[in-house]
Amino acid sequence: MAAGWEWDDTLFLGTATYYRRGRLPYAPGLTDVLAEVLNLNGRGRLIDVGCGPGILALSLAHLFSEIVGVDPDRGMIAAATREAAERGVTGKARWVRARAEDLPAGLGTFTVATFAQSFHWMDRDLVAATTRDMLQPGGALVHISDVKTESRTADGLPHPAVPYAAIEELVRHYLGPVRRAGRGLLPQGTPGGEAVVLARAGFTGPERHVVPGGQPLERTADDAVAGVFSMSLSAPHLFGPRRAAFEADLRRLLREVSPADRFSERRPSTELFVWRNDPAEPA
């Protein structure tokens, strides 16, 4: 976790309602790449740590005999439970409300552990070591995120781009210049350097795979608003009694950019780092 910041249970409070609609989807083909790289065959167990509303875990459900999602936010666990029921996979899905630091929590051993844009919120050394102990020999930890270095313009697409820079400025106007995170602040942002942490925990690797994005998406103002309220730095509760005023200003901004209420975006590419829990060499 970032120096000087402590996790609290309001970090993603109220965001679950907006998450699935607001967040951009992973690059198509992510599931196929994971299945090939990890030789997944419908058996084994998956633990998705920081699972949110189950977006990743549920997309992988057909590749495992059981999926377990762990997240500390009550709303996220409730959303994942509902979605699993709608998809008819309740029998093979389990959702546990807990912090990653509470693992192993009696959950047993797994063949694969995934962290999809969640690892930076955790006590990473502790969680990495615990996760390695929970993985079977030869198991894999997969760190998943959008590719942060690519440029994704809406050039050549039929609608204006979502005005992210203006939205960020509006959020700062309401919440202040320093990034909010639960009850605290993150002036330096969240930490990086996952490779050092995972190597220190005894994992080998990584193998890097990129699933290409760039596919065009059409979005609405409702989608863009959901995207803002799905983020920890602009979670609904942070605005307090000014939430309605903020949303009105946000929608006004979006109307000015696109009176037709249509925006164009491209899917981000998805980056996978696969770390192996190799069996210990005999003494």
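Here, every reference points to the structure presented above.
Let me begin by describing the structure that accompanies this report.

**A short note on the pairing of strand β5 (residues 135–146)**
So, step 1. Among the twelve residues in β5, nine count as buried, and that is most of the element.
So, step 2. With six bridges connecting them, strand β4 (residues 110–116) and β5 associate as parallel partners. Residue pairing in the sheet places A113 in a bridge with L141 of β5.
So, step 3. Running through helix α5 (residues 124–134), the crossover from β4 to the neighbouring parallel element β5 is right-handed.
So, step 4. Inspection of the sheet shows β5 paired to strand β11 (residues 270–276) by seven bridges, in the antiparallel sense. What sits directly across from V142, in β11, is V274.

**A word on the sheet that holds strand β2 (residues 66–71)**
So, step 1. Taken in spatial order, the seven strands of this open sheet run β3-β2-β1-β4-β5-β11-β8, and their pairing is mixed. The sheet is open, and its two borders are formed by β3 (93–97) and β8 (204–211), each paired with just one other strand. Averaged over all adjacent pairs, the angle separating strand axes in this sheet is 20°, with direction ignored.
So, step 2. Across the face of the sheet, helix α4 (residues 74–87) comes into contact with β2 and β3 while running at roughly 170° to β3.
So, step 3. α5 rests against β1 (45–49), β4 and β5 of the sheet, and its axis sits at about 135° to β5.

Conventions adopted
- Residues numbered from 1 in each chain as written.
- Predicted model: local features only at pLDDT ≥ 70, side-chain atom pairs only at ≥ 80, totals over all residues.
- Heavy atoms only, no water.
- Buried < 20%, exposed > 50% of the residue type's maximum accessible area, 1.4 Å probe, protein only.
- Helix = DSSP H or I, 4+ residues; strand = E, 2+ residues; numbered from the N terminus.
- Pairing = 2+ DSSP bridges.
- Right-handed = clockwise from strand over helix to strand, strands pointing away.
- Axes fitted to C-alpha atoms, helices over the stretch in contact; angles between N-to-C directions.
- Contact = heavy atoms within 4.5 Å.

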